[in-house]
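Letter by letter, the chains look like this.
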Amino acid sequence: MFSRWNWVACGFYLVLSICSPDASSGLVQSCGHIIPESPVLALGSNFTALCILNESCLDFGNIYASQIIWKIKNRVVPKEQYREINRTVSSVTFNDTSTLATPLTCNILADGQIEQNIYGITVTVGLPPEKPKNLSCIVHQESRFTYTMTCTWNPGRHTFLDTQFRLRYRWPEQIFPDCIPKDVNNSCTIDDSQFFVNTEIWVEATNALGKAVSDPLVVDPIDIVKPLPPQNVSITSGLLPTVLQLVWENWISDAVMTLKFNIRYRIVGDTNWMEVPPEDTASPRTSFSIQGLRPYTEYVFSIRCMKEDGVGYWSDWSEEKTGITIEDQPSKGPPIWRIIDTSQSPACWTVHLIWKALKPYEANGVILQYELTVRDKSSLSSPVKKYNVTSTNYTLQLREGTYEVTLIARNSVGPSPPSVLLIPASNSKAPVKNLRTLPKHDKLWVGWTAPNNYVLKYVIEWCLMSSSSDCIIEWQIVLGDVQGIDLKGIKPFKCYLITVYPLYADGQGSGQSVKAYLKQDRPSKGPTVQTKKVGKAEAVLTWNHLTVEEQNGFIRNYTILYKTIDGNETVVTVDPSKTEYTLSSLTSDTLYTVRMMASTDNGSRSGPDFTFTTQKFGKGEIEAIVVPVCLAFLLIVLLGVLFCFNKRDLIKKHIWPIVPDPSKSNIAQWSPQVPAKHNISSKDQMYPEGSFTDVSVVEIEADDKKSFSEQDLKPFDLLKKEKSTSEGHSSGIGGSSCMSSPRQSVSDSDEGETTQNTSSTVQYSTVVLNGYRDQTPVQVFSRSESTQPLLDSEERSEDHAGGADSTPQRQQYFRQNGGQDETNTDRPCFERTKQITHANEGDLVGFVQLQISGQSSQPLGLGMEKNTQEAAVSNVLQACTEGQTVRPETVEENPLSVDEMPKSYLPQTVRQGGYMPQ
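Every chain's residues receive numbers from 1 upward, in the order its sequence appears when written. Whole-chain, interface and lining totals are the exception, using all residues; otherwise, since this is a predicted model, local features are given only for residues with pLDDT of at least 70 and side-chain atom pairs are given and counted only at 80 or more. Water and hydrogen atoms were dropped before computing side-chain values, which therefore reflect all heavy atoms in the structure.

**Remarks on the nonpolar core**
Thought 1: Ranked by size, the top nonpolar core spans 42 residues in total, and within it L167, I201, I290 and F301 carry the most contacts.
Thought 2: With 5 residues, the top contributor of residues to this core is strand β22 (residues 259–267).
Thought 3: Among the nonpolar cores identified, the runner-up in size contains 27 residues, and I63, I69, Y82 and I121 belong to it. Buried Ala, Val, Leu, Ile, Met, Phe, Trp, Tyr and Cys residues form a nonpolar core when they are joined through side-chain atoms within 4.5 Å. For every residue, the accessible area (1.4 Å probe, protein chains only) is compared with the maximum for its type, and the residue is labelled buried under 20%, exposed over 50%, or partly exposed between those bounds. Under the DSSP-based scheme used, a helix requires at least four consecutive residues in state H or I and a strand at least two consecutive residues in state E, with every element numbered from the N terminus.

**Considering the side chain of N411**
Thought 1: Structurally, the position occupied by N411 is in the loop between β32 (403–410) and β33 (419–423).
Thought 2: Classification of N411 by relative accessible area gives buried; the value is 3%.
Thought 3: Counted as a polar contact is a pair of N or O atoms within 3.5 Å, where, for protein atoms, one must be capable of donating a hydrogen and the other of accepting one, and residues adjacent in sequence contribute only when both atoms are in side chains. A polar side-chain atom of N411 sits 3.0 Å from the main-chain amide nitrogen of V413.
Thought 4: Every residue pair with non-hydrogen atoms within 4.5 Å of one another is taken to be in contact. When residues no more than four places from it in sequence are discounted, the contact partners of N411 are E327, D328, Q329, P330, A363, N364, G365, V366, I367 and L368.

**Brief notes about the confidence of the model for the protein**
Thought 1: A residue's pLDDT is simply how confident the predictor is in it, with values from 0 to 100. On average, residues of the protein carry a pLDDT of 75, and 69% of them reach 70 or more.
Thought 2: Throughout residues 1–28 the model reports pLDDT below 50, and contacts reaching past four residues in sequence, or to other chains, amount to 33 contacts.

**Digging into the sheet that holds strand β1 (residues 32–35)**
Thought 1: A pair of strands is labelled paired if DSSP reports no fewer than 2 bridges between them. Read from one edge to the other, the open sheet built from 4 strands follows the order β1-β3-β7-β6, with strand pairing classed as antiparallel. With partners counted over all chains shown, the strands left at the sheet margins are β1 and β6 (82–84), one partner each. Going from strand to strand, the sheet's axes swing by 20° on average, the running direction of each strand aside.
Thought 2: In this sheet, strand β3 (residues 47–53) lies alongside β1 in antiparallel orientation, the contact comprising 4 bridges. In the sheet register, H33 faces β3, and the bridge partner there is I52. Each axis is a line fitted through C-alpha atoms, and for a helix only the stretch in contact is used; angles between axes span 0 to 180 degrees, taken between their N-to-C directions.

**Details of the pattern of salt bridges**
Proximity of charged atoms lets side chains of opposite charge pair with each other.
Thought 1: When a carboxyl oxygen of Asp or Glu lies within 4 Å of a side-chain nitrogen of Lys or Arg, that pair is called a salt bridge. Considering all chains together, one arrives at 18 salt bridges under this definition.
Thought 2: With its nearest N and O atoms 2.7 Å apart, the salt bridge here joins D601 to R556. Highlighted residues: D601 in the loop between β47 (591–600) and β48 (603–606) and R556 in the loop between α4 (548–551) and β44 (557–564), separated in sequence by 45 residues.
Thought 3: When salt bridges with common partners are traced through the structure, they connect R166, R168, D178, E204 and K211 into a single cluster.

**Side note on the pairing of β3**
Thought 1: Burial along β3 is one-sided: the residues F47, A49, C51 and L53 are buried and none of T48, L50 and I52 is.
Thought 2: Inspection of the sheet shows β3 paired to strand β7 (residues 89–94) by 6 bridges, in the antiparallel sense. Of the residues in β7, the one forming a bridge with I52 is V89.

**Looking at the sheet that holds strand β34 (residues 433–440)**
Each strand in a sheet pairs with its neighbour through backbone hydrogen bonds, running either in the same direction (parallel) or in the opposite one (antiparallel).
Thought 1: Judged by pairing direction, the sheet is antiparallel, and its 3 strands sit side by side in the order β34-β35-β38 without closing on themselves. Every interior strand has two partners, whereas the edge strands, β34 and β38 (484–487), have only one. Within the sheet, the average angular offset between the axes of one strand and its neighbour, ignoring direction, is 20°.
Thought 2: With 6 bridges joining them, β34 and strand β35 (residues 443–449) adopt antiparallel strand pairing. Of the residues in β35, the one forming a bridge with K440 is K443.

Below, the structure is given as structure tokens:
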């Protein structure tokens, strides 16, 4: 074996062998080649290729044919197809060339080390040409004297190879140059052609795989001529309204060829052509008169020609020309119909006469006017009424009866036959039977069964129904032997009302109507449902019918679908004629969702959802509850009124309590009639009966309780316990305000406490006995449970008066009503807010105003010594215990000087005619 370096050297040598030029020839020399070189193979045939190695390459690298590898388009050919012929030749065989691709290469592999391409060829696979078929030729007239011949053929199958076609022709003694097609392979044109000589024509097809020749065609070119169409065509009208004359010129002379012609024509706007019979134009000519045309009708004409004997080809149609026939009398009267309006009065008709304009072939000219005649057949003496109308409708005001209407259309030539319409007093004749409709593509067929009697004509009315506008009627008249027609111009998804009337010789039958659709679709929208009434277990639903524009078809049924929020949907089908439905067996106080669906033959559509809530109570349940409750309430109120009426005194006492009259109080008897100096030596003199009407409590400040003995102050201890209940309340008498004072009336400290906190407040009140307005008051004062403090000005006055030795202390006097002579002692002169004891409210205990001081009696105005003061206190306590509990007052044991004497709130003098507010 070669070493690796030997193989490298071998590969290098192969490259040099391929690339190095030959010294003798100068061409590139390869280590091998393939036979055959670039072959062209028949598709599906067998093919064998040989790869031959050069001896020079074998000697250098020990390369042999056994090492050759064949490839097709870089794909290795299976080794089963290889064959080693000798050490330098290897072949490959392909049984079917349809699988063969290009390029085919020969490669060498030395001991599996390096693969080297030796040679490659291009393989072309195709088919041999087929015999051309269907060879035909035609001579085209290019001008008056120029003719070209064009031959065509069928080239056959595709060969996948470059195939050449040649058109060859010759005379019996002369061969002409071949005609080679340009850019096509199935036709060729010979520029010059000679007539009256038989010419042999054939086609040859050639490629690398073979040659094919068509069957020869022998023909005289004059027999295959396609002449030019006639030119300068003109049309003139004749004397008759049904005749037009055509005139033209021929391109070919009669010396060369005689021609026959073909004439066609049609009405303007129509697509159907009509032709003149061929035998009428089979001879040479340059004009022709066409008969049997419609008067005053425009026609389009065209002409073509060919060889008279029929050999050859027809020319193309000439340019179209138009002509119009002259006018004639209308061939028929206009169709007429009527619409009778009796809305104003049944005895007075508004008759709308309508008729259709004649078609052009019926009018035979321009209609100038219509002549309308109306004859009253109910009254022979009535005159005939005539009207000249230029439109296609006319309105008459007629009385109820039978009328005959005649209509004539007139043009410039003359009148049309009359059209007669009988208007009977009533449609008493038999109607048609079994009126029906059937859609047919874009037409709507209407059929009926004829009545038993003989019918002259039928009138078919139809109109497009609309909810926003009136129905515009279209109509058509057909003969009596017709029992069905096709209505044209019907729109899909639109509803039409169709009515058929039979017309008799002596009257008219009643109309039969039917609604119809050409095509149906599902509704444009669904019904909108609402509730008319909602109860506990039922709900009345209402809706409006869909408009005819929204239906798009016949509504076959309505479907109601309702459910609760979390429940299953319930479906109810309703007749399409209904607009109301009652849902039953509903749950009370429940929210329901309902929607409605309208269905046609072609689908359904739902409307919007609607929600409602059933009532909690049914009909009469609330009344059954409310009425007994109201009756019970009225009964209770009535019983309460009766009770209050029977207990009116007790209720009046609690709501409006009796307010004591101060003028009737016993306190008014305590005060003397005239102010006098108090003499405390006698209790009766000091407190005469009926001399007081109000009480004042004077605040006395004491610095030391030691001035009194425990025995003397013991009665006052009872008042300490009641301090919290009595303090802060007052009696209002005669308009006086007795408010609570924040000051303490008796010291709240225990006996062991010092006398530094002995300052207290003693309540007072004022009583006015008389002197209101112009009366002279009798002024007295006494102690009371009033907690109203004196004003600051009064306190300052007392301070000032207490400081002067020579000035007597001012006293407060109160007015008393001297004219009051009522002496009812059972009623107190004032009420406290809170009673201290359970004593009788009518008992009034008077308190003497005490002023305790350590000085002599002159400044105080009493002139009493200490023992006298103690006796007064004792008398006061004794008097208090008889009626009410008296607040204790603290009295010092030692007399005080004028400067050290505590301040007192003494009653102030009230000016005549008024009182000082407290």
